[in-house]
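# Coordinates in review
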Amino acid sequence: MNPKTIFFVGLILAASGVLSPPIALLGGIAYGFSFTHPYQLDSRNLSRFLLQAAVVALGFGMSLRQVVHAGKAGFLYTAVSITIAMILGWLLGRLLGVTRKASFLITAGTAICGGSAIAAIAPITKPDDEEMAMSLGTVFILNSVALLLFPAIGLAFHMTQTQFGLWSALAIHDTSSVVGAAAKYGLQALQIGTTVKLARALWIVPVAVVTAYVSKSKTRIHWPWFILLFCAAAIANTYLPLGTNVYPTLSRLGRIGLTVVLFLIGTSLSKDTLRRVGVRPFIQGVCLWVIVATASFLAIRAGWITL
């Protein structure tokens, strides 16, 4: 069958709701490893836009009170974990001899919000194509593993919905995979995971500002406006009853949109991606991610991190 036809069939299946988020991701990865992507650039742009639109749509299924509570409670954990992750990432990069820019991008992607953080910081640090490919490839691979692995670990250790939502937000790279893993675990986990992760994503701005100051860059910093629209959707769902019949549909469309995003992300991974990542950057990414995931898991289980 023609690769273009297979791509569109996969896209339609993901958009129909037939595929669960993990299956959509696996299908995308299988496609990426089997065929040369005919729409690679278009697919990347669509996934970026669709992710933001889907997150906003998810806001119509959430209470503003829950959003504010989760965001406030998760602020301190987020600040501490990002600071520690950035320091550890710098040390690991130095220890493994990873190039400075690639190391910083991998660290920022792990500490904050995956590909979104890398995309926001890259124009400031100006990495070359190889460093950009290494950074994105490392984060996307580990992001995919987390989506498939985390729900199984959560169930094996009998994590509550709140615990799993927190853990996903603190330890999974991209918002799309946080939502995918949390949605599989349960509605409460989805609400907490999404809210805490979006609060975490706001740290792109101060990290980018500090990076621009240190590197003396005058590049304009992009504010993640879709997070404010997500809050506006939660306000509408909480205080505007006129749309009560529409909000559940919009929220469901948001979850379907994220399933499509995961399929598109999967198709961007390929054998070439693995080749370009390189051993040392990948080891840095794996080590940092394992430390962050394990430390946050143990802290949540011990009750040190809670809502």
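Relevant structure appears above.
Here we summarise the structure given alongside this text. Computed from a prediction, not measured in an experiment: that's the story for all the values here.

Okay, the overall build of the protein next. Secondary structure summary: the protein contains 14 helices and zero strands in total. Secondary structure elements of the protein, listed N to C terminal, follow the sequence α-α-α-α-α-α-α-α-α-α-α-α-α-α. Against the compact-globule benchmark of 19 Å for 307 residues, the protein has a radius of gyration of 18 Å, which places it among compact chains. Split into buried and exposed, the 307 residues of the protein put 52% on the buried side. Contacts spanning at least 24 positions in sequence make up 83% of the contacts within the protein whose residues lie at least 6 apart. Of the accessible surface of the protein, which amounts to about 14300 Å², a share of 69% is contributed by carbon and sulfur atoms.

The topology assignment puts Glu-131 in helix α6 (residues 129-156). Of the side chains bearing the opposite charge, Lys-101 lies closest to the buried Glu-131, which forms no salt bridge; the N-O distance is 5.2 Å. Engagement of the side chain of Glu-131 in a polar contact is seen with the side chain of Thr-99, the distance being 3.2 Å. Discounting residues that sit within four places of it in the chain, Glu-131 has contacts with Thr-99, Lys-101 and Ala-102.

So, about the nonpolar core. Counting residues in hydrophobic clusters, the biggest one holds 69 residues, and the most contacted among them are Ile-112, Phe-150, Met-159, Phe-164, Trp-167, Ile-300 and Ile-305. With residues up to four places along the chain from it excluded, the contact list for Met-159 reads Gly-154, Phe-164, Trp-167, Tyr-185, Phe-297 and Ile-300. With eight residues, the next largest nonpolar core counts Phe-7, Ala-14, Ala-24 and Leu-264 among its residues.

Under the defined criterion, the tally for this structure stands at 13 aromatic pairs. Where Phe-8 meets Tyr-39, the ring centres are 5.5 Å apart and the plane angle is 55°; that geometry is what we call tilted. Taken as a pair, Phe-8 in helix α1 (residues 3-16) and Tyr-39 in the loop between α2 (21-34) and α3 (40-58) lie far apart in primary sequence, 31 residues in all. The exposure class assigned to Phe-8 is partly exposed, which follows from its relative accessible area of 40%.

Structurally, His-37 is set in the loop between α2 and α3. Of the residues examined, His-37 reaches a relative accessible area of 13% and is grouped as buried. With 30 residues separating them in the primary sequence, His-37 and Val-67 have C-alpha atoms 38 Å apart. Here Tyr-39 takes part through its backbone nitrogen, which lies 3.0 Å from a polar atom of the side chain of His-37. At 3.4 Å, the side chain of His-37 forms a polar contact with the backbone nitrogen of Gln-40.

Moving on, we get to unusual backbone geometry. Look at Lys-126: it is not a glycine, yet its phi comes out positive at around 55°. Checked against the element boundaries, Lys-126 lands in the loop between α5 (100-125) and α6. Residue Lys-126 is classed as exposed on the basis of its relative accessible area of 54%. The backbone phi angle of His-158 is positive, close to 55°, even though this residue is not glycine. Summarising the element assignment, His-158 is placed in the loop between α6 and α7 (161-171). For His-158, a relative accessible area of 67% gives the class exposed.

The first and last C-alpha atoms of helix α14 (residues 279-302) sit 34 Å apart over 24 residues, in line with the 34 Å expected at 1.5 Å per residue. Here α14 has its buried residues at Pro-281, Gln-284, Gly-285, Leu-288, Trp-289, Val-292, Ala-293, Ser-296, Phe-297, Ala-299 and Ile-300. Just downstream of α14 lies Gly-303, where phi reads positive at about 85°.

Criteria and thresholds
- Residues numbered from 1 in each chain as written.
- Predicted model: local features only at pLDDT ≥ 70, side-chain atom pairs only at ≥ 80, totals over all residues.
- Heavy atoms only, no water.
- Helix = DSSP H or I, 4+ residues; strand = E, 2+ residues; numbered from the N terminus.
- Rg over C-alpha atoms; globule rule 2.2 N^0.38 Å.
- Buried < 20%, exposed > 50% of the residue type's maximum accessible area, 1.4 Å probe, protein only.
- Contact = heavy atoms within 4.5 Å.
- Areas by Shrake-Rupley, 256 points an atom, 1.4 Å probe, with all protein chains shown as cover.
- Lys, Arg positive; Asp, Glu negative; His and termini not counted.
- Salt bridge = Lys/Arg side-chain N within 4 Å of Asp/Glu carboxyl O.
- Polar contact = N/O pair within 3.5 Å; in protein donor to acceptor, adjacent residues only side chain to side chain.
- Core = buried A, V, L, I, M, F, W, Y, C linked by side-chain atoms within 4.5 Å.
- Phe/Tyr/Trp six-rings, centres within 6.5 Å; stacked < 30°, edge-to-face > 60°.
- Expected span 1.5 Å × (residues − 1).

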